[in-house]
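Below are the chains, spelled out letter by letter.
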Amino acid sequence: MAKLNDNYAQLQGMYLFSEIAQRVAKYKADNPSANVISMGIGDVSQPLVPSVISALQKATLEMGTKEGFRGYGPEQGYDFLREAIAKNDYADRNLAISADEIFISDGSKCDVGNFQELFHADARIAISDPVYPVYVDSQIMAGRSGNFDGSLWDNIYYIPCSIENNFIPELPKTPVDVIYLCYPNNPTGTVLSRAELKKWVDYAKKEQAIILFDAAYEAYITDSDIPRSIYEIEGASDVAIEFKSFSKTAGFTGLRCAYTVVPKNVFGTYSNGEKKDLHSLWKRRQSTKYNGCPYIVQRAAEALYTPEAKVEIENILSIYKNNARVIFDTMQAKGLQVVGGENSPYVWVKTPANYGSWEFFSLLLEKTNIVCTPGVGFGLMGEGYIRFSAFASTENTLKAMESFKNLIL
Ligand code: MLT
């Protein structure tokens, strides 16, 4: 029999959102008349905006012509999209990122999951807790997480984020090589000020560590003191990789398009001491294992940078931002401890009466037909919390919050 990758045997249970989907499917099968409202996975509900649809149509027609047809595209993405991103998301904000430092992909989940391949099997990884489960799971798959004691992995440096430290991560006390930061944070919805993020960039420079900065929710930042890109911090382009996605910004969860910025000045060392830039390694990795995001999807992403699309997108974002406020206010009025929701589509809530996360998830599903995400699925520090996503329709959000108000706790 073929020998399998033993690391996969170390994975604890199912992927979080698969487990939720399975439990919800069972509940729906047992209760066919229940009107279940999903506020669990951060999947959008608003349709694609008109500018995206016309770009998709135009590019599709083009592909049906002899002159416009395209086969394999460049693995790193078409120049038209890389240039639009470099101009709109960086140059227009006075950030020096060049188009060829931008790698287009079909999603940030794949990029944050795959990027760890560039690091040594013994590299010490710092990951905040709670956080998006892909960061830890991909270390386990790579055999880098060490031993599991039933709660934690001994080769992962956990950075606890809780009410005790106001959800502000503290710098590692022992050396680490790679640091995952996600801001606005998934799942807590909290943000890092410019001064706090600067501490991390300074730390990475001093310790020669690399920051993997997941900025998938940057479009939800309304506060001008909160950086929307790590490159707003001086020196970050020497130490940080940035992941951005069109999923939560423009409803691309089904269409699939994202990008990763790998500045040419970020370096690591091989075991023999040779210094190597991560840009050329990521390019090598992507050209070997990835065939590029579809042309028509990249044209749709390019269309997001037109003035009309910017207005269309703002209208959609304001629906989700408003939902987040409604959720936050409902939780607060109910007397629950709650954070997030202000510069983020996620609201992080302490369960009442010391319910465990999964326990409260089930109670909520059964009594109100609301699906949330159990906080413990994001890490040990998430136990006793749940996360609400603001991506349902306004109608469903209001309906769900009305049921929540009537829930006897
Ligand atoms: C989430 O709900 O945390 C996200 O939607 C998951 C993802 O983007 O993969």
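Along each chain, residue indices are assigned from 1 in the same order as the chain's sequence is written. For a predicted model such as this one, the threshold for reporting local features is a pLDDT of at least 70, and the threshold for listing and counting side-chain atom pairs is 80 or more; totals across whole chains, interfaces and linings nevertheless cover every residue. Think of the side-chain values as coming from all heavy atoms in the structure, minus any hydrogens and water.

## Structural notes on empty space enclosed by the protein
Argument step 1. In this analysis a 1.4 Å probe is tested at points of a 1 Å grid over the protein atoms alone, and where it fits but cannot get out there is a cavity; an open set with protein on both sides within 12 Å along at least five of seven lines is a pocket; lining residues have an atom within 4 Å of a point. Grid points are joined across faces, edges and corners, and a volume is the space filled by probe spheres set on the points. One pass over the structure, following the stated rule, counts two cavities of 30 Å³ or more.
Argument step 2. In this structure, the largest cavity is lined by Q46, P47, K248, T249, A250, G251, I313, I316 and Y320.
Argument step 3. Contributing elements (two or more residues each) for the lining of the largest cavity: α7 (247-250) and α10 (307-333).
Argument step 4. An automatic or database domain assignment provides the domain bounds reported here. Two domains share the lining of the largest cavity, each providing at least three of its residues, namely domain 1 (8-47 + 308-405) and domain 2 (53-305).
Argument step 5. Approximately 30 Å³ is the volume attributed to the second largest cavity.
Argument step 6. Residue lining of the second largest cavity: Y183, P184, L192, L197, F213, I221, I226 and P227, and that is the complete set.
Argument step 7. Ten residue types, Ala, Val, Leu, Ile, Met, Phe, Trp, Tyr, Cys and Pro, are classed as nonpolar, four, Asp, Glu, Lys and Arg, as charged, and the remainder, Gly among them, as polar. Across the lining of the second largest cavity, the residue classes break down as eight nonpolar, no polar and no charged. Labels follow the DSSP assignment, with helices taken as runs of H or I lasting at least four residues and strands as runs of E lasting at least two, numbered in each case from the N terminus.

## Section: the domain arrangement of the protein chain
Argument step 1. For the protein chain, the assigned domains are domain 1 (8-47 + 308-405) and domain 2 (53-305).
Argument step 2. Tallying the contact residues gives 34 residues for domain 1 and 42 residues for domain 2.
Argument step 3. Of the roughly 3200 Å² buried between domain 1 and domain 2, counting both surfaces, carbon and sulfur atoms make up 66%.
Argument step 4. Interface area lost by domain 1 to domain 2 is led by Y15, N343 and M381, which between them contribute 21%.
Argument step 5. Salt bridges are defined by distance alone: a side-chain nitrogen of Lys or Arg within 4 Å of a carboxyl oxygen of Asp or Glu. At the boundary of domain 1 with domain 2, the tally comes to zero salt bridges. The contact rule is simple, with two residues in contact once any of their heavy atoms fall within 4.5 Å. Throughout, the accessible surface (probe 1.4 Å) given up by two parts as they are put together, summed over both, is called the buried area.

## Considering the packing of helix α1 (residues 16-30) against helix α11 (residues 357-368)
Argument step 1. Axis definition: a line fit to C-alpha positions, over the contact stretch in the case of helices; interaxial angles, taken between N-to-C directions, run 0 to 180 degrees. α11 packs onto α1 with a crossing angle of 35° between their chain directions and a minimal axis gap of 11 Å. The crossing of α1 and α11 is right-handed. On the side of α1, the interface is formed by L16, E19, I20, R23, V24 and Y27, while α11 contributes W358, F361, S362, L365 and E366.
Argument step 2. Across the contact of α1 with α11, the residue classes break down as seven nonpolar, one polar and three charged. Helix crossings fall into two classes, left-handed where the near helix is turned counterclockwise from the far one by less than a right angle and right-handed where it is turned clockwise.

## Quick look at the pattern of salt bridges
Argument step 1. A full pass over the atoms with the stated rule returns 19 salt bridges.
Argument step 2. With a closest N to O distance of 2.6 Å, K264 and D100 form a salt bridge. Placement of the pair is K264 in the loop between β8 (258-261) and β9 (267-269) and D100 in the loop between α3 (79-90) and β2 (102-105), with a sequence separation of 164 residues.
Argument step 3. Only protein chains enter the accessibility calculation, which uses a 1.4 Å probe; a residue whose area is less than 20% of its type maximum is buried, one above 50% is exposed, and one in between is partly exposed. Of the residues examined, K264 reaches a relative accessible area of 38% and is grouped as partly exposed.
Argument step 4. Residue D100 is classed as partly exposed on the basis of its relative accessible area, which comes to 35%.

## As for the site of the ligand
Argument step 1. Being near a molecule or strand, for a residue, comes down to having at least one heavy atom within 4 Å of it. Surveying the vicinity of the ligand reveals the residues F17, I41, G42, Y132, N186, Y217, K248, Y346 and R387.
Argument step 2. Identification of polar contacts relies on pairs of N or O atoms within 3.5 Å, with a donor-acceptor requirement for protein atoms, meaning one able to donate a hydrogen and the other able to accept it, and with residues adjacent in sequence counted only if both atoms are side-chain atoms. In this structure, an oxygen atom belonging to the ligand sits 2.6 Å away from a main-chain N or O atom of G42.
Argument step 3. In the model, an oxygen atom of the ligand is placed 3.4 Å from a nitrogen or oxygen of the Y346 side chain.
Argument step 4. Split by residue class, the shell around the ligand holds five nonpolar, two polar and two charged.
Argument step 5. Two domains share the shell around the ligand, each providing at least three of its residues, namely domain 1 (8-47 + 308-405) and domain 2 (53-305).

## Some words on the packing of helix α2 (residues 50-63) against helix α9 (residues 295-303)
Argument step 1. Interhelical geometry of α2 versus α9 gives an angle of 145° and a closest axis separation of 8 Å. Considering the relative orientation of α2 and α9, their crossing is right-handed. Residues S51, V52, A55, L56, A59, T60, E62 and M63 of α2 form the contact with α9, whose participating residues are Y295, I296, V297, R299, A300 and A303.
Argument step 2. Class assignment of the residues belonging to the contact of α2 with α9 gives a composition of 10 nonpolar, two polar and two charged.

## Looking at unusual backbone geometry
Argument step 1. In this chain, D129 is followed by P130 through a cis amide linkage whose omega measures 10°.
Argument step 2. In this fold, P130 is placed in the loop between β3 (125-129) and α5 (134-141).
Argument step 3. In this model, Y183 is joined to P184 through a cis peptide bond whose omega is -5°.
Argument step 4. Position of P184 relative to the elements: it lies in the loop between β5 (178-182) and α6 (194-207).
Argument step 5. In this model, N94 sits at a positive phi of 60°, which is unusual for a non-glycine residue.
Argument step 6. Structurally, the position occupied by N94 is in the loop between α3 and β2.
Argument step 7. Judged by relative accessible area, N94 falls into the exposed class, the value being 72%.

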